[in-house]
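What follows is the residue order along each chain.
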Amino acid sequence: AARIFEKLVNEPRSAKSEFKTESVFELAENYKLFFAFEKATTTYLTYLQRTEGTDDANRPYALFTAARLQEYAGNLKVAAQTYERYAEVFKARDDSATALFRASELYDKLQDRDPQRRVLNTFITRFSNTQGMGAKVLEAMLQLGDLATAQGKPKDAQKYYADVVKEYQVRGFTPGTAAAG
């Protein structure tokens, strides 16, 4: 099947085929299915370029899958940037919060503190009033405190930790719940 899709995508005589864009997506899926993750990632990103400015239903899936495949391949910085891109391009989707938080986790693994801080602040700003995000917002705030502590900024850390306690009470969380950690 991949050979058929490759022909549709790459052959000049297929350049004007009405199936070319869909074939790019199917080719990416085929590559993923057969563990050619680098080719799959590149092809998903090509698909995104070709469908730019459209409301194609496969666009969110393609970008999120590209980020996941980059992560699985160990390209954590690129994956984090792709997750950030997803959260920006598909702001209105429910899973944009998941993508943005995952980006912060990858920056944490890389010990890349400036982007991690930026992403955590963006997450808090964007999702602090979103239903169901209370525990993740508290976790992001706590991580900002931990970052400040690690960087030898006790006053900043104290402020972040105080904000966590205040926010915990404002949200009405009960001790011993998942939000309590």
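Heads up: the structure comes first, above all this text.
Sequence order sets the numbering: in each chain, residues are counted from 1 along the sequence as written. Confidence filtering applies because this is a predicted model: local features only for residues at pLDDT of at least 70, side-chain atom pairs given and counted only at 80 or more, and all residues used for totals across whole chains, interfaces and linings. As a rule here, side-chain values come from all non-hydrogen atoms in the structure, and water together with hydrogens is ignored.

**Some words on the packing of aromatic side chains**
Argument step 1. Pairing of aromatic rings covers Phe, Tyr and Trp, the last through its six-membered ring, and needs centres within 6.5 Å; plane angles under 30 degrees mean stacked, over 60 mean edge-to-face, and all others mean tilted. Tallied over the entire structure, the rule returns eleven aromatic pairs.
Argument step 2. Aromatic side chains phenylalanine 25 and tyrosine 61 sit 5.9 Å apart centroid to centroid with 65° between the ring planes, which places their arrangement in the edge-to-face category. A residue pair is termed long-range when its members are at least 10 positions apart, and phenylalanine 25 in helix α2 (residues 20-33) and tyrosine 61 in helix α4 (residues 59-72) qualify at 36 residues.
Argument step 3. Owing to a relative accessible area of 6%, phenylalanine 25 belongs among the buried residues under this scheme.
Argument step 4. Plain terms: the ring middles of tyrosine 44 and tyrosine 61 are 6.1 Å apart, the flat faces sit at 80° to each other, and that makes the pair edge-to-face. Of this pair, tyrosine 44 sits in helix α3 (residues 37-50) while tyrosine 61 sits in helix α4; the two residues are 17 residues apart in sequence, bridging distant segments of the chain.
Argument step 5. Buried, partly exposed and exposed residues are distinguished by accessible area as a fraction of the type maximum, computed with a 1.4 Å probe on protein chains only: under 20%, between the cut-offs, and over 50%, respectively. For tyrosine 61, a relative accessible area of 32% gives the class partly exposed.
Argument step 6. Taken together, the aromatic side chains of Phe25, Tyr44, Tyr47 and Tyr61 make up a single cluster linked through ring pairs. Here a helix means four or more residues in a row that DSSP labels H or I, a strand means two or more in a row labelled E, and each is numbered from the N terminus.

**Quick notes on the side chain of glutamine 70**
Argument step 1. Checked against the element boundaries, glutamine 70 lands in helix α4.
Argument step 2. Glutamine 70 gets classed as buried once you look at its relative accessible area, which sits at 7%.
Argument step 3. Whenever a nitrogen or oxygen atom comes within 3.5 Å of another N or O atom, the pair is scored as a polar contact, on the condition that within protein one atom can donate a hydrogen and the other can accept it, and that pairs from neighbouring residues in sequence are kept only if both atoms are in side chains. Only 2.6 Å separates the side chain of glutamine 70 from the side chain of threonine 82, close enough to count as a polar contact.
Argument step 4. Note on contacts: a residue pair qualifies if any of its non-hydrogen atoms lie within 4.5 Å across the two residues. What glutamine 70 contacts, discounting residues up to four positions off in sequence, is Thr41, Leu45, Asn75, Val78, Ala79 and Thr82.

**Considerations on α3**
Argument step 1. For α3, built from 14 residues, the straight-helix expectation of 20 Å at 1.5 Å per residue is met to within 8% by its first-to-last C-alpha distance of 20 Å.
Argument step 2. Three or more residues of α3 are buried, namely Ala40, Thr41, Thr43, Tyr44, Tyr47 and Leu48. A helix is expected to span 1.5 Å multiplied by its residue count minus one.

**A few points about unusual backbone geometry**
Argument step 1. Positive phi, normally seen in glycine, also occurs at phenylalanine 35, with a value near 65°.
Argument step 2. Mapping phenylalanine 35 onto the fold places it in the loop between α2 and α3.
Argument step 3. Classification of phenylalanine 35 by relative accessible area gives exposed; the value is 65%.
Argument step 4. Its identity is not glycine, yet glutamine 111 carries a phi of approximately 55°, on the positive side.
Argument step 5. The residue glutamine 111 is located in the loop between α6 (96-110) and α7 (113-127) in this model.

**Thoughts on the nonpolar core**
Within soluble globular proteins, side chains that are nonpolar generally end up buried alongside one another.
Argument step 1. For the purposes of this section, nonpolar cores are sets of buried Ala, Val, Leu, Ile, Met, Phe, Trp, Tyr and Cys residues that join through side-chain atoms within 4.5 Å. Grouped together as the largest cluster of nonpolar side chains are 46 residues, with contacts concentrated most on Tyr44, Tyr83 and Phe123.
Argument step 2. Within the residue set of this core, elements represented by two or more residues are α2, α3, α4, α5 (76-89), α6, α7, α8 (134-150) and α9 (154-170).
Argument step 3. Discounting residues that sit within four places of it in the chain, tyrosine 44 has contacts with Phe25, Ala28, Glu29, Lys32, Tyr61, Ala62, Thr65, Ala66 and Leu69.

**With respect to the packing of α6 against α7**
Argument step 1. Where α6 contacts α7, the axes come no closer than 8 Å and their chain directions differ by 160°. When the axes of α6 and α7 are compared, the pair comes out roughly antiparallel. The handedness of the crossing between α6 and α7 comes out as left-handed. Every residue of α7 that contacts α6 at Ser96, Ala97, Leu100, Phe101, Ala103, Ser104, Tyr107 and Asp108 is listed here: Arg113, Pro115, Gln116, Arg118, Val119, Leu120, Thr122, Phe123, Arg126 and Phe127.
Argument step 2. Residues that form the contact of α6 with α7 fall into these classes: ten nonpolar, four polar and four charged. Only the stretch in contact is used when fitting a helix axis, every axis being a line fitted to C-alpha atoms; angles between N-to-C directions are given from 0 to 180 degrees. By the definition adopted for this analysis, an angle is roughly parallel if under 35 degrees, roughly antiparallel if over 145, roughly perpendicular if from 65 to 115, and oblique otherwise. Handedness of each helix crossing follows the sense of rotation of the near helix against the far helix: counterclockwise by less than a right angle gives left-handed, clockwise gives right-handed. Under the scheme applied here, ten amino acids are nonpolar (Ala, Val, Leu, Ile, Met, Phe, Trp, Tyr, Cys and Pro), four are charged (Asp, Glu, Lys and Arg), and all others, including Gly, are polar.

**Considerations on the pattern of salt bridges**
Argument step 1. Any Lys or Arg side-chain nitrogen located within 4 Å of an Asp or Glu carboxyl oxygen qualifies as a salt bridge. Under the definition given, this model contains 14 salt bridges.
Argument step 2. Lysine 32 serves as the salt-bridge partner of glutamate 29, at 3.8 Å between the closest nitrogen and oxygen. Highlighted residues: glutamate 29 and lysine 32, both in helix α2, separated by three residues, approximately one helical turn.
Argument step 3. The exposure class of lysine 32 is partly exposed, given its relative accessible area of 21%.
Argument step 4. Salt-bridge contacts for glutamate 88 lead to arginine 126; the nearest nitrogen and oxygen are separated by 3.2 Å. On the criterion of sequence distance, the pair formed by glutamate 88 in helix α5 and arginine 126 in helix α7 is long-range, its members being 38 residues apart.
Argument step 5. The exposure class assigned to glutamate 88 is partly exposed, which follows from its relative accessible area of 42%.

That's the geometry; what it means functionally is another story.
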